[in-house]
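For reference, the chains in residue letters:
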Protein chains: 4
Amino acid sequence: MSATPAFHGVIPPVVTPRSTDGEIDRKGLERVVRHLIDGGVHGLFMLGSSAETPYMSDDERSTVVELTAEIVNGAVPVIVGANDQTGVRVAEEARRMTRLGADAVVASSPYYVITNQNEILDHFRMVRDAVDVPVFAYNVPVRTHIPLGADLLAQLAHEGAIVGVKDSSNDDVAFRQLALATRDVAGFSLFTGHEVVCDGAMLSGADGIVPGLGNVDPSGYVRLYEAAAAGDWEAARREQDRLVDLFTIVGCPDSNRVSGGAAGLGAFKTALVELGVISSNTMSKPMAALNENEAASIRTILERTGLL
Amino acid sequence: MSATPAFHGVIPPVVTPRSTDGEIDRKGLERVVRHLIDGGVHGLFMLGSSAETPYMSDDERSTVVELTAEIVNGAVPVIVGANDQTGVRVAEEARRMTRLGADAVVASSPYYVITNQNEILDHFRMVRDAVDVPVFAYNVPVRTHIPLGADLLAQLAHEGAIVGVKDSSNDDVAFRQLALATRDVAGFSLFTGHEVVCDGAMLSGADGIVPGLGNVDPSGYVRLYEAAAAGDWEAARREQDRLVDLFTIVGCPDSNRVSGGAAGLGAFKTALVELGVISSNTMSKPMAALNENEAASIRTILERTGLL
Amino acid sequence: MSATPAFHGVIPPVVTPRSTDGEIDRKGLERVVRHLIDGGVHGLFMLGSSAETPYMSDDERSTVVELTAEIVNGAVPVIVGANDQTGVRVAEEARRMTRLGADAVVASSPYYVITNQNEILDHFRMVRDAVDVPVFAYNVPVRTHIPLGADLLAQLAHEGAIVGVKDSSNDDVAFRQLALATRDVAGFSLFTGHEVVCDGAMLSGADGIVPGLGNVDPSGYVRLYEAAAAGDWEAARREQDRLVDLFTIVGCPDSNRVSGGAAGLGAFKTALVELGVISSNTMSKPMAALNENEAASIRTILERTGLL
Amino acid sequence: MSATPAFHGVIPPVVTPRSTDGEIDRKGLERVVRHLIDGGVHGLFMLGSSAETPYMSDDERSTVVELTAEIVNGAVPVIVGANDQTGVRVAEEARRMTRLGADAVVASSPYYVITNQNEILDHFRMVRDAVDVPVFAYNVPVRTHIPLGADLLAQLAHEGAIVGVKDSSNDDVAFRQLALATRDVAGFSLFTGHEVVCDGAMLSGADGIVPGLGNVDPSGYVRLYEAAAAGDWEAARREQDRLVDLFTIVGCPDSNRVSGGAAGLGAFKTALVELGVISSNTMSKPMAALNENEAASIRTILERTGLL
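Reading the values: the criteria
Residues numbered from 1 in each chain as written. Chains lettered and ligands numbered in written order. Predicted model: local features only at pLDDT ≥ 70, side-chain atom pairs only at ≥ 80, totals over all residues. Heavy atoms only, no water. Least-squares fit on C-alpha atoms with pLDDT ≥ 70 in both. Contact = heavy atoms within 4.5 Å. Helix = DSSP H or I, 4+ residues; strand = E, 2+ residues; numbered from the N terminus. Phe/Tyr/Trp six-rings, centres within 6.5 Å; stacked < 30°, edge-to-face > 60°. Buried < 20%, exposed > 50% of the residue type's maximum accessible area, 1.4 Å probe, protein only. Lys NZ or Arg CZ within 6 Å of the ring centre and 35° of its normal. Lys, Arg positive; Asp, Glu negative; His and termini not counted. Salt bridge = Lys/Arg side-chain N within 4 Å of Asp/Glu carboxyl O. Polar contact = N/O pair within 3.5 Å; in protein donor to acceptor, adjacent residues only side chain to side chain. Axes fitted to C-alpha atoms, helices over the stretch in contact; angles between N-to-C directions. Parallel < 35°, antiparallel > 145°, perpendicular 65-115°, else oblique. Left-handed = near helix turned anticlockwise from the far one by under 90°. Nonpolar A, V, L, I, M, F, W, Y, C, P; charged D, E, K, R; others polar. UniProt positions renumbered as here; feature names shortened; annotations may be inferred. Buried area = accessible area lost by both parts, 1.4 Å probe.

Enquirer: Quick rundown of the relation of the copies chain A and chain B? Include the residues and the values.
Expert: Rotating chain A by 180 degrees and moving it 0.0 Å along the rotation axis overlays it on chain B with an RMSD of 0.0 Å. The relationship between the two copies is best expressed as a two-fold rotation axis. No C-alpha of chain A lies nearer the rotation axis than that of A:His145, which sits 3.7 Å from it. Both copies share a contact surface, since 100% of the interface residues of chain A are interface residues in chain B too.

Enquirer: With reference to specific residues and values, describe the environment of A:Ala179.
Expert: Assignment of secondary structure puts A:Ala179 in helix α7 (residues 172-181). Leaving out residues up to four positions away in the same chain, A:Ala179 has contacts with A:Leu190, A:Ser204 and A:Gly205.

Enquirer: Give a description of the packing of aromatic side chains that names residues and reports values.
Expert: If you walk through the whole model with that rule in mind, you get 18 aromatic pairs over all chains. A centroid spacing of 5.4 Å and a plane angle of 90 degrees characterise the contact between A:Phe7 and A:Phe136, whose relative ring orientation is edge-to-face. Of this pair, A:Phe7 sits in the segment before β1 (9-10) while A:Phe136 sits in strand β5 (residues 135-139), and the two are 129 residues apart along the sequence. A:Phe136 matches A:Phe7 in its accessibility class, with the two residues each being buried. By way of ring pairs, the aromatic residues A:Tyr111, A:Tyr112, B:Tyr111 and B:Tyr112 are connected into one cluster. We note C:Arg143 situated over the ring of D:Tyr112; from NZ or CZ to the ring centre the distance is 5.8 Å.

Enquirer: Which residues make up the side chain of B:Asp25, and what values do they have?
Expert: Residues and elements named next belong to chain B. Along the polypeptide, aspartate 25 turns up in the loop between β1 (9-10) and α1 (26-38). Of the buried charged residues, aspartate 25 lacks a salt bridge, with arginine 31 as the closest side chain of opposite charge at 7.7 Å. Reaching out from aspartate 25, the side chain makes a polar contact with the backbone nitrogen of glycine 28 at a distance of 2.8 Å. Setting aside its immediate chain neighbours within four residues, aspartate 25 contacts Pro17, Arg18, Ser19 and Ser279.

Enquirer: An account of the packing of helix α11 (residues 260-274) of chain B against helix α12 (residues 292-304) of chain B is requested, with residue identities and associated values reported.
Expert: All names here are of chain B. Packing of α11 against α12 leaves a shortest axis separation of 10 Å and a crossing angle of 70 degrees. If you check the angle between α11 and α12, you find them roughly perpendicular. The crossing of α11 and α12 is right-handed. On α12, the residues that touch Ala267, Thr270, Ala271 and Glu274 of α11 are Ala295, Ile298, Arg299 and Leu302. Considering only residue class, the contact of α11 with α12 consists of 5 nonpolar, 1 polar and 2 charged.

Enquirer: Any details on the UniProt feature "binding site: pyruvate" (unreviewed entry) in chain A? Residues and values, ideally.
Expert: All names here are of chain A. The positions UniProt marks with the feature "binding site: pyruvate" (unreviewed entry) are Val210. For valine 210, a relative accessible area of 2% puts it in the buried group. Ignoring sequence-local partners within four residues, the contact set of valine 210 consists of Ile11, Pro12, Pro13, Phe45, Lys166, Phe191, Thr192 and Gly193.

Enquirer: I'd like a description of the interface of chain D and chain C, backed by residues and values.
Expert: In this assembly, 41 residues from chain D lie in contact with 41 residues from chain C. Of the roughly 3500 Å² buried between chain D and chain C, counting both surfaces, carbon and sulfur atoms make up 52%. Looking only at chain D, the three residues that lose the most surface to chain C are D:Arg89, D:Tyr112 and D:Ile114, adding up to 23% of its buried area. Across the contact surface, chain D and chain C share 2 salt bridges. Note that C:Arg89 is salt-bridged to D:Asp58, the shortest N-O span being 3.0 Å. At the junction of chain D and chain C, the tally comes to 20 residue pairs in polar contact (both at pLDDT 80 or more). Grouping the amino acids of the side of chain D that touches chain C by side-chain chemistry returns 17 nonpolar, 15 polar and 9 charged.

Written as structure tokens, this is what we have:
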């Protein structure tokens, strides 16, 4: 890791607010975006998992990206997920997102397929060939069930098919190996998608942080990032430990009622309601929203961690 | 299992031929469809896994369904996969497929999501509410990584959200339990998607067979089905054993070169070339086509099993 | 499948009764064994998963095998599990079991290790070399997390390292392929370990059935086996369907309290108490026994299926 | 993390040298132990995964522990794995290891069983009740396929059933959560079992490091530990990055020939041969030893990282 790459810092995966009628809440989205920019974030990641993207129609995806590009108006880079099953379809989606204003696109591995390493390499090359903006690989085996190994990602980095990786693999061993294997790739950006080990990820060589919890406490993550970037690891750790505590909001939903996917995102949205940023914690269908009991537990944690 | 349900018998998941230039081979598709109907099949399943659907653009999907509906012209029912990540998107795709001529649609569980049983129930209800044609559930955990349990499917069957199940779960225990649990649902259709245990599946209560290998030998599967339906289990078993041998064509591709997904489908296409039904075994990008060596091994098996 | 192999028919994996004080219930074991032999079974499988073997000390394992060999006294073959992590340890256990009276031993794949196909082949060869009695392979990926593929098992069969397979893989596709691949191995025995698809397994070529539920209804399984062996598949299916219904006893335990492992075995033991065969449904520590509510549900099912 | 707990620092999982005839190499074991103690390690972990424990007979396990206790003679604590399937068997093994000289014992979750959280809690309580020495929990889902969650481990820590955790879960998120959840448990020791993220683990709150690679370069890990313990994170990172490079020796074996398990351990043994510590890289049966080509690659890495 030599010079800071173009894409770096805190780049939260932005949630998608919905009104109580289930529609995209355009006003709410604007308020979330301003909340994040005011918090000092270095970029925005739209249509990631935190956005409930799998549950959005094509039209809804367009609305969110168009609106965000308009609000941000170049203040920070806007990175956009191009989420579909395989190369040909991701390429199409990536072109669409670029037209709508994406400064870079993010593609996961293929999914719903039985594939191999060669096909995965070609998958990313197909996306790169389809657009003029930089392409990030998104490693999220908990969703794709196809982990992207450090060797494969390093190869894509070296051949210029990808300019960075967003890692949500929960595999810190492979993350460190990837960091070392891409050290000599100028401008390459390595992001962690995990909320609770950002200090360790930066010690391992991460250039950026993409925390869903960053929707709730953007300035906390910015402080963490800046402390680590300045080599003040004790300060980074203290901030991280506070954010680990804040992250316990994702454990508040009743797991008999709320799915694993809805629990985390629902907790972020509920916290944003409690903080007065948005007006409803409505989820995309068919996910259940958090109830008042669950919101009360979240309130306690927001207070304990200094946000309320 | 009392009266034969509306959807029953041999309903192969039709492959999607491509010309050497990679485009949908419309003439080839017509020839495959006629080959199947001449073979006596009871229906066609379009845009299943065997069609390489995850690798097709929306336009290609439309082309295939429209063209097939036109060729078939009501001779047999045409069931069409509505393949996307979650309820809202599957519903949209299901509506599109219905407009293009689908007599029924098939939806898998959600995928690329972290979900729970309640959300999965609602997922299928959303699809059912979106269309006027019957909805089948497709249980394919090797792709979705979310198995649909017998209890959940039986509940959907009883409440009328689905009219049948295509099972590719490779779980014959759950299959038998589902067969018994849906016995009292009038008109419910239980299909196995496995090529090599159709006799056992019918003994367990299957109403139909959806074998990818049926593209290659439709009459073989029709004989198997009719023998089993008539209670001649020894004849069914003999036919099945021959088809198990034929199925070894999927082991011919070199696994260092060809992915697991491409191996089976590539073998079906290559066999169809050898049988003179289509002119090219080209695969959707980025999957590798089988080479001449692999085709030669397949030829040997086609000869051994009486097809050449 | 030509001549009937030496090991064939219904060979239940015998449960291990415990007194309320947690000790092996020698009297109870004798009564279970007599119940099974009176039911017409063709052999006994001791120290299988149904015996709670992983939870037994070495001394308890010895006691059970010695006592059983004494009771059976040659009336039927006694097959014994030699359960340990790897070849050298399984070989030692297999020698011990042989000295205690085993007519054959059963070895799973290695487990708790990160292995490959060559090591697995050698694993079984090490066991075969250690004993004079025949060796069975036990395919139980739900426990070992290492499936034994049809190719590997067929190779072991052809080279004489194993004389049979007990399959609990829940993979009927691989089962059929294995049946065909071992057809030409004289005396080879293929057993299914699944309770609810024995008719289909026999249609696929199984020589025997190793159903945990056979502890509860040995004569039912003997009727099923004999009908299938005689080619009366409709009778086999009817008996199987009744046994599928009986098998719902494993769903009676409260899954918030009783583990998946304890639920099935606890249900078998509880049914045996209800049938008057044993006096306590005590489980090995730390597994929970079923309570009176759960026993009442089981009673209803025993009545419905004609056992009470 | 307040005061340094009794068990802390670098505690390598010691390899088990074998002579070319396959027997335990007593002289070699002594030399490895002295190599480690001379390297400054703070303790030894015997009969861990690096010891090839699953492939050792009971007698071999005894030999290794007895001999080590004798060599070490109290110089550093000797922690010993008590490896078996379930509580009753692990308790027996733990008692045996304590008699042979273990200062503490290490128990994994149960394995080869289908269990639940209550049974796992009782599993560890059974071990604790069986011995007078402290008990560590070993979290190694890649082997057991049963992860030990942070909540469960924290509960065991708070009730005193365990005094520490050796974590090989490759889940740095849960690791951080566990570190925070056990912060208030006096004397509790959290160890990471991963070679390449020890700096990050210590930043997260680890008290110790149990690296298999520590057999090869004990002083490197001691430097890393001491730098991190002193808060010099940049120095810790530099040392760690060198050790990540050294760790690439585990990628030298040909994966078509050598299993995943044998590759890492074989690389450690081969490096020890190259360093002149032991005389043979023989593996436990049926694992393959590394060959001369593979040893040559390892030599290059040892030179590059300053060990040769």
